[in-house]
Amino acid sequence: MDIATYAATYLAAHPESDYWNTLAAAARTACLNLAADDIAVRLGRTAPDPESVPQLKAVCEQAVYLARYYEKLNLPFDVTSEEIYQVGKRSFRRNAAPELARRARMFLRQAVGRETALSRG
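Calculation criteria
- Residues numbered from 1 in each chain as written.
- Predicted model: local features only at pLDDT ≥ 70, side-chain atom pairs only at ≥ 80, totals over all residues.
- Heavy atoms only, no water.
- Buried < 20%, exposed > 50% of the residue type's maximum accessible area, 1.4 Å probe, protein only.
- Helix = DSSP H or I, 4+ residues; strand = E, 2+ residues; numbered from the N terminus.
- Arc of directions from axis to C-beta.
- Core = buried A, V, L, I, M, F, W, Y, C linked by side-chain atoms within 4.5 Å.
- Polar contact = N/O pair within 3.5 Å; in protein donor to acceptor, adjacent residues only side chain to side chain.
- Contact = heavy atoms within 4.5 Å.
- Axes fitted to C-alpha atoms, helices over the stretch in contact; angles between N-to-C directions.
- Parallel < 35°, antiparallel > 145°, perpendicular 65-115°, else oblique.
- Nonpolar A, V, L, I, M, F, W, Y, C, P; charged D, E, K, R; others polar.
- Expected span 1.5 Å × (residues − 1).
- Bend = angle between axes of the 7 residues up to and from the residue.

Draft legend 1. Fine view of helix α1 (residues 3-12). Among the residues of α1, Ile3, Tyr6, Ala7, Tyr10 and Leu11 are the ones counted as buried. Projected down its long axis, α1 carries its buried residues within an arc of 115°, all on one side. Opposite the buried face of α1, by more than 90 degrees, sit the exposed residues Ala8, Thr9 and Ala12.

Dropping the structure here:
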């Protein structure tokens, strides 16, 4: 199945569908292409398998994540506090935003056959 076709159906029922639909078509296409590359790299492939539903879902989740947080993902630091009194003081911390969306990671685990997380106890 074509990724764009699958994404149109998947994202129509997604909680972020209103946000996704406000994006320009070129931005949606760019996010889907970047997401497909991200997922393929994680799987050691050149492209996601268009017949693998978990891989297609991972691409869709990553596309929404990239659309929403792309700028933040590319910042090396986040401002954590700022003091204005007598003009001074800013605090920074290393940007800790994960490269992959949580749901994309979940679908990737499913795609590679690790559907259940092991726990101690």
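Draft legend 2. The arrangement of the nonpolar core in detail. Among the nonpolar cores identified, the biggest contains 26 residues, and Leu11, Trp20, Leu32, Ile39 and Val59 are the most heavily contacted of them. Elements with a contribution of two residues or more to this core: α1, α3 (25-43), α4 (53-73) and α5 (102-111). The element that contributes the greatest number of residues to this core is α4, accounting for nine residues.

Draft legend 3. Structural context of the side chain of Gln55. Mapped onto the elements of the fold, Gln55 is located in helix α4. A relative accessible area of 7% places Gln55 in the buried class. Within the structure, Gln55 has its side chain in polar contact with the backbone nitrogen of Asp49 (distance 2.7 Å). Sequence-distant contacts of Gln55, that is, excluding residues within four places in its chain, are made with Ile39, Leu43, Arg45, Pro48, Asp49 and Ala111.

Draft legend 4. Broad picture of the packing of α1 against α4. Packing of α1 against α4 leaves a shortest axis separation of 10 Å and a crossing angle of 70°. It follows from the interaxial angle that α1 and α4 lie roughly perpendicular. Along the contact surface, α1 presents Ile3, Tyr6, Ala7, Tyr10 and Leu11, while α4 presents Val53, Leu56, Lys57, Val59, Cys60, Glu61 and Val64. When the residues that make up the contact of α1 with α4 are grouped by side-chain class, the tally is 10 nonpolar, no polar and two charged.

Draft legend 5. Quick peek at α4. Taking 1.5 Å per residue, 21 residues should reach 30 Å; α4 reaches only 26 Å between its end C-alpha atoms and comes up short. Helix geometry: α4 is bent most strongly at Ala67, by close to 55°.

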